[in-house]
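Listed here are the chains, written in short residue letters.
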Amino acid sequence: MAIRPILRLGDPVLRQRSMEVTELDTPELHELIADMFATMEAADGAGLAAIQIGVPLRIMIFGFEANARYPDVEPIPITVLINPEYSVLDEEKTGGWEGCLSVPGMRGYVRRYARIRYSGVVQFGKKFSRVADVFHARVFLLEFDHLEGELYPDLIDDPLKFGFNEELSESGVL
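Read on for a plain summary of the structure.

Each value, and the rule that gives it
- Residues numbered from 1 in each chain as written.
- Predicted model: local features only at pLDDT ≥ 70, side-chain atom pairs only at ≥ 80, totals over all residues.
- Heavy atoms only, no water.
- Helix = DSSP H or I, 4+ residues; strand = E, 2+ residues; numbered from the N terminus.
- Buried < 20%, exposed > 50% of the residue type's maximum accessible area, 1.4 Å probe, protein only.
- Contact = heavy atoms within 4.5 Å.
- Areas by Shrake-Rupley, 256 points an atom, 1.4 Å probe, with all protein chains shown as cover.
- Lys, Arg positive; Asp, Glu negative; His and termini not counted.
- Charge placed at Lys NZ, Arg CZ, Asp CG, Glu CD.
- 1 Å grid on protein atoms, 1.4 Å probe; cavity = no way out; pocket = protein on both sides within 12 Å on 5 of 7 lines; lining within 4 Å.
- Points joined across faces, edges and corners; volume = space filled by probe spheres on them.
- Nonpolar A, V, L, I, M, F, W, Y, C, P; charged D, E, K, R; others polar.
- Salt bridge = Lys/Arg side-chain N within 4 Å of Asp/Glu carboxyl O.
- Polar contact = N/O pair within 3.5 Å; in protein donor to acceptor, adjacent residues only side chain to side chain.

**Side note on the overall build of the protein chain**
The number of helices and strands found in the protein chain is 3 helices and 6 strands. The helix and strand sequence of the protein chain, counted from the amino end, reads α-β-β-β-β-β-α-β-α. Principal-axis analysis of the C-alpha atoms gives the protein chain an extent of 50 × 35 × 30 Å. Within the protein chain, buried positions represent 47% of all 174 residues. The contacts of the protein chain with a sequence gap of at least 6 include a subset with a gap of at least 24, amounting to 67%. Of the roughly 8900 Å² of accessible surface on the protein chain, 53% is carried by carbon and sulfur atoms. Treating the 17 positive side-chain charges of the protein chain as one cloud and the 28 negative ones as another, the clouds have centres 4 Å apart.

Next comes the structure, spelled out in C-alpha cells:
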C-alpha cells in the first residue's frame, strides 16, 4: 500500500475520459484500490477517482465516518465502485460548496442532483447499487465527473463563488 501523488488541475491527464475496467478481482486491482485508500486518507479526502492518481480506469472510492474537511455532514459508507453508472431519482438540484483533492485549497459553489441511484461493481466482481441523497450524492457525482474528465470548477455558475478556502472564510462566504 502506497500513498501516490495526486494530479492537480491543469494536468491534461485529468481531462481524459477513464476507460472501463475489464478484469476484476486481480492482485493489481486490489493493490491499486489499497493505494487509492491510502492516498485519500493521507489527504483527508472524502473520495478519490483512479484518474486523480494518473490511472485512467473507471474506479472510484469514497466514504468516511468523520472528515475534518466536512465536519457537519453525516458519514458516508466506505465504497469502492468500478465502472459506475447513475440515474437521477429527482430533478431537484441543491447547491453546495465543493472541494477536491485535485484543486487543493479551493472551494466552489456547485448545484447538483439531490437524489440519485448509483450502481457499479465492487472489486471482487459483485454488482452493487445504492440510493444517495444530498451530500452523499454530491460526493458520488464529483468523483463520477472525474471519470468523465471533468472537475467541479467546470460546473460553477457564478465565478464569485469560487476561491481559496482561507479567503472565502475570511470574507464570510464560507
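**What about empty space enclosed by the protein?**
Rolled over the atoms, a probe sized like a water molecule indicates the empty space that remains. Applying the stated criterion to the full structure yields 1 cavity of 30 Å³ or more. What the largest cavity holds in volume is close to 140 Å³. Around the largest cavity sit 14 residues that line it, and A46, Y70, G99, L142 and E143 are the ones nearest its centre. Only β3 (76-100) and α2 (134-147) provide two or more residues apiece to the lining of the largest cavity. Each residue belonging to the lining of the largest cavity can be placed in one class, and the counts come to 7 nonpolar, 3 polar and 4 charged.

**Side note on the side chain of R130**
Examined against the element boundaries, R130 turns out to sit in strand β5 (residues 127-133). Nearest to the buried, unbridged R130 among oppositely charged side chains is D133, at 10 Å. A polar side-chain atom of R130 sits 2.8 Å from a polar atom in the side chain of T79. Discounting residues that sit within four places of it in the chain, R130 has contacts with P77, T79, I116, R117, Y118 and H136.

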